Amino acid sequence: MCIANQKGGVGKTTTAVNLSVALARHGLKVLVIDLDPQGNASTGLGVDHHAGVPSIYDVLINGQSIVEVAVTSAASPNLRCTPATIDLAGAEIELVSVVARESRLRKAVAAYDSPVDYVLIDCPPSLGLLTVNALVAAAEVLIPIQCEYYALEGLGQLLSSIELVTAHLNEALRVTTVLLTMYDARTRLADQVAGEIREHFGDTVLRAVVPRSVRVSEAPGFGQSVVTYDPTSRGARSYLAAAAELAERGAHGFGPTSTDTGDQAPAGVGVDHSAATDSAATDSAATDSAATDSAATDSGAASRH
Ligand SMILES: Nc1ncnc2c1ncn2[C@@H]1O[C@H](COP(=O)(O)OP(=O)(O)OP(=O)(O)O)[C@@H](O)[C@H]1O
Ligand SMILES: [Mg+2]
């Protein structure tokens, strides 16, 4: 599953990090591919990504395998990450002259023969060759959308890139998931935007909504996800709920590997009882966004401040 939106700062990396930790902590095997030269997903998973560390750059450009560069995250023994270093900044240009430049990542993922239930790819904020590689490698796209005024602007461009990839390079690709991020319960605008997005994308939109929360933004400073940093916070609970929804929908396959193990996925997740019960409540409340408002504000007041 590739996590994409060419708009910067909408929560792609935060989503990749937190969903992966949530899924892994429920016993699923997860691989995160950090495909952004900024290396933020590597940071969030506590994985070293200084220049010179074997990284996804070596996979794309030097033909190394994912197994050779993947590192286990401190967050869970089930969670591995292929780090991105600053070298990757040059890959966008270097790839131009490489044979089968759009499908380098797809080939590497297909060759990854460790058991894995989910592969999450964190894309950079652009629609260049790195993102195209992610779209060609994936079966599904998850689009995080920030609940703010310009949220829908630029989405058309993303969707037409996805259509192009589907038409020419990866027939199987589908936008299966939209996640509303940085929802600010205090603003009417967030509500309106959330409503518009639900109208436009229907059931693709997860019921769980990620609130704007300081805890979420603090966690990467500790090389952690908010799910590990503050598991009972609203942000953590929303990501746990989102992960449970994903798992319920089933692992829709990511190349041959996850088709093999996909059946186990729904059984494996879901039910960390303390968090899941809470978040189920937040969840159903979240369907009605007016209710989220008060739910989010209330629980914020009770648990955090
Ligand atoms: N729910 C949230 N509440 C508060 N802050 C958040 C939340 N989600 C993300 N952030 C913060 O917003 C910033 C952008 O988030 P993130 O890095 O996940 O976005 P991104 O789409 O990956 O950005 P880029 O396009 O630069 O890769 C980060 O500082 C992150 O900590
Ligand atoms: Mg990012």
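The rules we used
- Residues numbered from 1 in each chain as written.
- Chains lettered and ligands numbered in written order.
- Predicted model: local features only at pLDDT ≥ 70, side-chain atom pairs only at ≥ 80, totals over all residues.
- Pairing = 2+ DSSP bridges.
- Helix = DSSP H or I, 4+ residues; strand = E, 2+ residues; numbered from the N terminus.
- Contact = placed C-beta atoms within 7 Å.
- Axes fitted to C-alpha atoms, helices over the stretch in contact; angles between N-to-C directions.
- pLDDT = per-residue confidence, 0-100.
- Core = buried A, V, L, I, M, F, W, Y, C linked by C-beta atoms within 7 Å.
- Buried ≥ 20, exposed ≤ 12 C-beta atoms within 10 Å, placed from the backbone.

Attention shifts here to the sheet that holds strand S3 (residues 71-72). Strand order in the open sheet formed by eight strands is S3-S4-S2-S5-S1-S6-S7-S8, with mixed pairing between adjacent strands. The open sheet has two edge strands, S3 and strand S8 (205-211), and neither has a second partner. For strand S2 (residues 30-34) and strand S4 (residues 79-82), the ladder comprises four bridges, and the chain directions are parallel. Paired with Val32 across the strands is Cys81, a residue of S4. Docked against the sheet, helix H1 (residues 12-25) engages strand S1 (2-3), S2, S4, strand S5 (118-122), strand S6 (140-146) and strand S7 (174-183), running at close to 165 degrees with respect to S5. Along the sheet, helix H12 (residues 234-249) contacts S7 and S8; its crossing angle with S8, the most-contacted strand, is approximately 165 degrees.

Attention now goes to the confidence of the model for the protein chain. Residues at a pLDDT of 70 or more form 82% of the protein chain, whose mean pLDDT is 84. Low confidence marks residues 252-305, where pLDDT is under 50. Its contacts with residues over four positions away, or in another chain, come to 95 contacts.

To continue, consider the nonpolar core. In a soluble, globular protein the nonpolar side chains are often hidden away together inside. Ile121, Ala134 and Leu135 are the most contacted members of the largest nonpolar core, which totals 90 residues. Residues in contact with Ala134, not counting those within four places in the same chain, are Cys2, Ala4, Leu35, Leu105, Ile121 and Cys123.

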